Amino acid sequence: MNQFHRLLLAPAIFGALLPSLAAPGSAVANEISSLNGREAINDYMEQQEIDELKAWRSRNQVTSVNQFSDVRPTDWAYQALTNLVEKYGCVAGYPNGTYKGGQAMTRYEAAALLNACLDRVTEVTDELQRLMDEFKKELAVLKGRVDGLEAKVGSLEAQQFSTTTKLKGEVNFILGGVPDYNSDASGRQDRTTFNYDLRLNLDTSFTGKDLLKTRLRSGNFTAFSPFNAGDSLFKLDKASSTNAGASGAGGLDTVSIDRLYYQFPVGKQFTLTAGALVRNTEILAFIPTAYRSQLLDFFAVAGTPGAYNKVTGQGFGAVWKQQVAKGQGFWNASLNYIAQDGEISNEGIFDSDGSLNTTAQIGYKAPNWGAAIAYRNGTTGTRTINANGTANSNLSSGQSSNSFSVAGYWQPLDSGIIPSISAGYGFTDISGGVAGAADSQSWYVGLQWDDAFVKGNIAGVAIGQNPSAGGGIDDPLSLELFYKFQVTDNISITPGLFYITNSSNQVNDKDLWGGVILTQFRF
C-alpha cells in the first residue's frame, strides 16, 4: 500500500477508532495508549492489506497450471509451478487469467501465499495423525522396542571394554600328521596330533587413522612337531608354541604378547610404524601373491622365505603408496629395520651381533595383479629359512646374508574356471664366516580358484623348490593341495595334503607326505 492509499484510509480509521478512544477504560483505548499512534495506524492498515490479499487469493485460486494464459511448458519453472498448483494448491492468479511470473512480488503477497501453503501442510499433518491413530498399537510396540534397545545400548556403552579398542579373535584347530617322519635324534614322532593356535588382536585407534596393535597368542605345538619346527619343510603358518616346559616337551600352555607396535599416517602417502614386537613382512605395502592357503609357511611368503623371512623383533619402518583415484593401480615402496634380538642389553638394537634385518621392497599393485622386487640384508644371528634339515639355520659369527626376491600374481576379475596365478623366485647369498647357513635359491608357482563349486569356497594347488642348505642333499620340492569350506562367515574348514621330495627328515630315502585339517574360527 502506497502513501496515497494510506492517506485515503486515515479518515476511516480515525472514524472507527474515535468512539473507542472516547470511551474511558475501553480495551482499545488501553491498547492504543500503550502504543505510538502512528504504529497503531500502520499495523491496522497492514492487517487490512493481508485480509484483502486472502480474499483476493480465494477468488483467484486455480486448480491447474493450464488456467494461466501466460505460463508455457517451456518456462524454466513450469514443473515447479505445476507441483505447487496440483499437489499443494497454494498458487493464485490474477483476475485476467495471468500469473505474471516475471513480475516482482510484494512482501504481503509472499506472506499470504506462504500462509496458504502452510495451511496445506497442516492438512497433510492431519492425514498423518489419522494414520497414527489407526496404527497406534503397532507404534506403541515399536516404541517399546526402541526404548529397550536404547537401554541395552546405554548399558553396553557403560560396561564396554574401551571406546578406542576393538577385539578380534582367531582360533585354529589343527589335526594332522606326517607318516615316516624322522623320529631318531630329533625326537620328533610320526604320529597324528591335535593342536591349537590362538590369536587375540586388540586394535586401538586414537584418531581413526592410526593403529596400536597388541596381539596375544597361545599355542600347544611343541618344538618336536614337524608343523612348528623352524627347519621343517612342513612348517605351518598357523602353528605356534608358547609351552612353558623345558625344551617345549611339557608343562602348561601360556599366553604371550606376540605383537606390539604403533602405525600412523604422515600426510596422505606415507605410513610409519615403530614397535617393540613387530614383523618385517607386516611393514610392507603388500605381499605379492594371490595364493593364500594359510597352510605351509613356504607358500605363504611367495616361495621366497629368504627375503620374506618373517622375522619378529624390535624395529621401525615406513610404507609409501602413490596417491591415485580409487580403483586405480599404484606404485609403492617399503623399508623396515628389525633387530631380532634388540631387547638383549649386551647386543642391542643397533649392534651387528643383534641379528639385524633390513628389508626393502618396490612394487606395483593394480586391481587384479601385482608385482614386487624385494631385498633383505641380515647380520650375525639372523634367522634364515634353509629348510632342508641344516643344524644351524642362523647366520654364524662373522656371516652376513643378502636375499633377493622377484614375485607377482594375476587374478581374473570374475571367479570361474580360470584360477589366479602366483609365482616367485628367491636367492640368498651368504658371505663371511666358516660355518652355519649356506647359499640357497627357491621358487614356486601357485594356482587358486575362488568360489570353487560353491560361493565362498576356495581351492588351490602349489608347487615349489624350498631353499636348500647344501651338504650334498638335492633340492627339495614341495607340493600342496587344499580346499577351503567356508561353513559360515566366521567358521571355515580347510583340508590340505602335502608331498615333499628330497627332505633330510625322510626315513630310508622315502619321499614324505602329510596332511592337516585346519578349522578356523574368527570373531
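Predicted model, so just to flag it, every value in this text is computed and none were measured.

A.B. asks: Looking at this structure, how should I read the overall build of the protein?
C.D. replies: Helices and strands together make up the secondary structure of the protein, namely 7 helices and 16 strands. Across the 523 residues of the protein, 40% fall into the buried class. Summarising the internal contacts of the protein: among those between residues at least 6 apart in sequence, 58% fall at separations of at least 24. Accessible area of the protein: about 28,500 Å², with a carbon and sulfur share of 59%.

A.B. asks: What am I meant to see in helix 4 (residues 78-88) here?
C.D. replies: An α-helical turn contains 3.6 residues, so any two residues separated by three or four positions project in the same direction. Among all positions of helix 4, only Tyr78, Leu81, Thr82 and Val85 are buried. One side of helix 4 carries all its buried residues, which in axial view fall inside an arc of 105 degrees. Counted as exposed and oriented over 90 degrees from the buried face of helix 4: Gln79 and Lys87. Note on helix 4: the residue one or two positions beyond its end, Gly89, has a positive phi of about 60 degrees.

A.B. asks: Please clarify how the nonpolar core should be interpreted in this entry.
C.D. replies: Within soluble globular proteins, side chains that are nonpolar generally end up buried alongside one another. Ranked by internal contacts, the top residues of the largest apolar core, which has 24 residues, are Phe227, Phe234, Leu236, Phe299, Phe498 and Val516. Going through the elements one at a time, helix 7 (297-300), strand 13 (458-465), strand 15 (491-501) and strand 16 (512-522) are the ones with two or more residues in this core. At 3 residues, strand 16 tops the list of elements feeding residues into this core. Apart from residues lying up to four places away in sequence, Leu236 is in contact with Ile174, Phe227, Leu295, Leu296, Asp297, Phe498 and Val516. Ala285, Val311, Val319 and Ala372 belong to the second-largest nonpolar core, a separate cluster that totals 11 residues.

A.B. asks: Which parts of the structure should I look at to understand the confidence of the model for the protein?
C.D. replies: Any segment with low pLDDT has predicted coordinates that should not be analysed in fine detail. Averaged over all residues, the pLDDT of the protein equals 80, while 76% of them reach at least 70. Of the regions scoring below 50 in pLDDT, residues 1-29 engages in 19 contacts with residues more than four places distant in sequence or in other chains.

A.B. asks: Please explain the pairing of strand 4 (residues 256-266) as it appears in this structure.
C.D. replies: When a strand is regular, its side chains alternate between the sheet's two faces. Two elements, strand 3 (residues 211-219) and strand 4, share 7 bridges in a ladder whose sense is antiparallel. Of the residues in strand 4, the one forming a bridge with Thr214 is Leu260. Direction of pairing for strand 4 relative to strand 5 (residues 270-279): antiparallel, over a ladder of 7 bridges. Paired with Tyr261 across the two strands is Gly275, which belongs to strand 5. The loop that links strand 4 with its antiparallel partner strand 5 comprises 3 residues; one of these, Gly267, has a positive phi angle of about 75 degrees.

A.B. asks: Got a minute to help me understand the side chain of Asp203 in this structure?
C.D. replies: Structurally, the position occupied by Asp203 is in strand 2 (residues 193-204). Note on Asp203: relative accessible area 12%, which makes it buried. In this structure the side chain of Asp203 is engaged in a polar contact, spanning 2.9 Å, whose partner is the side chain of Lys213. Residues contacting Asp203, with those up to four places away along its chain left out, are Thr164, Thr165, Lys166, Lys168, Leu211, Leu212 and Lys213.

A.B. asks: Got a minute to help me understand the pairing of strand 12 (residues 440-450) in this structure?
C.D. replies: Pairing analysis gives 9 bridges linking strand 11 (residues 420-431) to strand 12, with the strands arranged antiparallel. For Gly424, the partnering residue across the bridge sits in strand 12 and is Tyr444. Taken together, the 8 bridges between strand 12 and strand 13 define a ladder with antiparallel strand orientation. Bridge pairing in strand 13 places Tyr444 opposite Gly464.

A.B. asks: Got a minute to help me understand the packing of aromatic side chains in this structure?
C.D. replies: The geometry of an aromatic ring pair is captured by two quantities: the separation of the ring centres and the angle between the planes. For the coordinates displayed, the defined rule picks out 16 aromatic pairs. Consider the rings of Phe453 and Tyr483, whose centres lie 6.2 Å apart with planes at 45 degrees: the pair is tilted. Of this pair, Phe453 sits in the loop between strand 12 and strand 13 while Tyr483 sits in strand 14 (residues 477-486); the two residues are 30 residues apart in sequence, bridging distant segments of the chain. An aromatic cluster is present here, built from Tyr291, Phe298, Phe299, Tyr444 and Phe482 joined pairwise through their rings.

A.B. asks: Would you explain a nonpolar patch on the surface in this entry?
C.D. replies: A cluster of nonpolar residues, Trp369, Phe404, Trp410, Ile417, Ile418, Ile421, Tyr425, Phe427, Trp443, Val445, Ile463 and Leu477, forms a patch on the protein surface that exposes about 1,100 Å² of accessible area. Taken together, the elements giving at least two residues each to the nonpolar patch come down to strand 10 (400-410), strand 11 and strand 12. Along the polypeptide, Ile418 turns up in the loop between strand 10 and strand 11.

A.B. asks: Would you mind going over the environment of Lys484 with me for this structure?
C.D. replies: Tracing the backbone through its elements, the reader meets Lys484 in strand 14. If sequence neighbours within four positions are ignored, Lys484 has contacts with Asn457, Ile458, Ser492, Ile493 and Thr494.

A.B. asks: Looking at this structure, how should I read the pattern of salt bridges?
C.D. replies: Between side chains of opposite charge, a pair can form when the charged atoms approach closely. This structure, assessed with the given rule, holds 13 salt bridges. Of the charged contacts, one joins Lys168 and Asp203 as a salt bridge, the two residues approaching to 3.9 Å between their closest N and O atoms. Linking Lys168 in strand 1 (residues 165-177) with Asp203 in strand 2, this pair joins segments that are 35 residues apart in sequence. Owing to a relative accessible area of 45%, Lys168 belongs among the partly exposed residues under this scheme. Taking the shortest distance from any N to any O, the salt bridge between Asp258 and Arg215 comes out at 2.3 Å.

A.B. asks: Whenever I open this one, unusual backbone geometry confuses me. Can you help?
C.D. replies: With a phi angle near 60 degrees, Gln294 is a residue other than glycine that sits in the positive phi range. For Gln294, a relative accessible area of 24% puts it in the partly exposed group. In this structure, Asp451 is a non-glycine residue whose phi angle is positive, near 55 degrees. With respect to the helices, strands and loops of the structure, Asp451 is situated in the loop between strand 12 and strand 13.

Conventions used here
Residues numbered from 1 in each chain as written. Predicted model: local features only at pLDDT ≥ 70, side-chain atom pairs only at ≥ 80, totals over all residues. Heavy atoms only, no water. Helix = DSSP H or I, 4+ residues; strand = E, 2+ residues; numbered from the N terminus. Buried < 20%, exposed > 50% of the residue type's maximum accessible area, 1.4 Å probe, protein only. Contact = heavy atoms within 4.5 Å. Areas by Shrake-Rupley, 256 points an atom, 1.4 Å probe, with all protein chains shown as cover. Arc of directions from axis to C-beta. Core = buried A, V, L, I, M, F, W, Y, C linked by side-chain atoms within 4.5 Å. pLDDT = per-residue confidence, 0-100. Pairing = 2+ DSSP bridges. Polar contact = N/O pair within 3.5 Å; in protein donor to acceptor, adjacent residues only side chain to side chain. Phe/Tyr/Trp six-rings, centres within 6.5 Å; stacked < 30°, edge-to-face > 60°. Patch = residues over 30% accessible without salt bridge, like charges linked within 9 Å, V, L, I, M, F, W, Y side chains within 5 Å. Salt bridge = Lys/Arg side-chain N within 4 Å of Asp/Glu carboxyl O.

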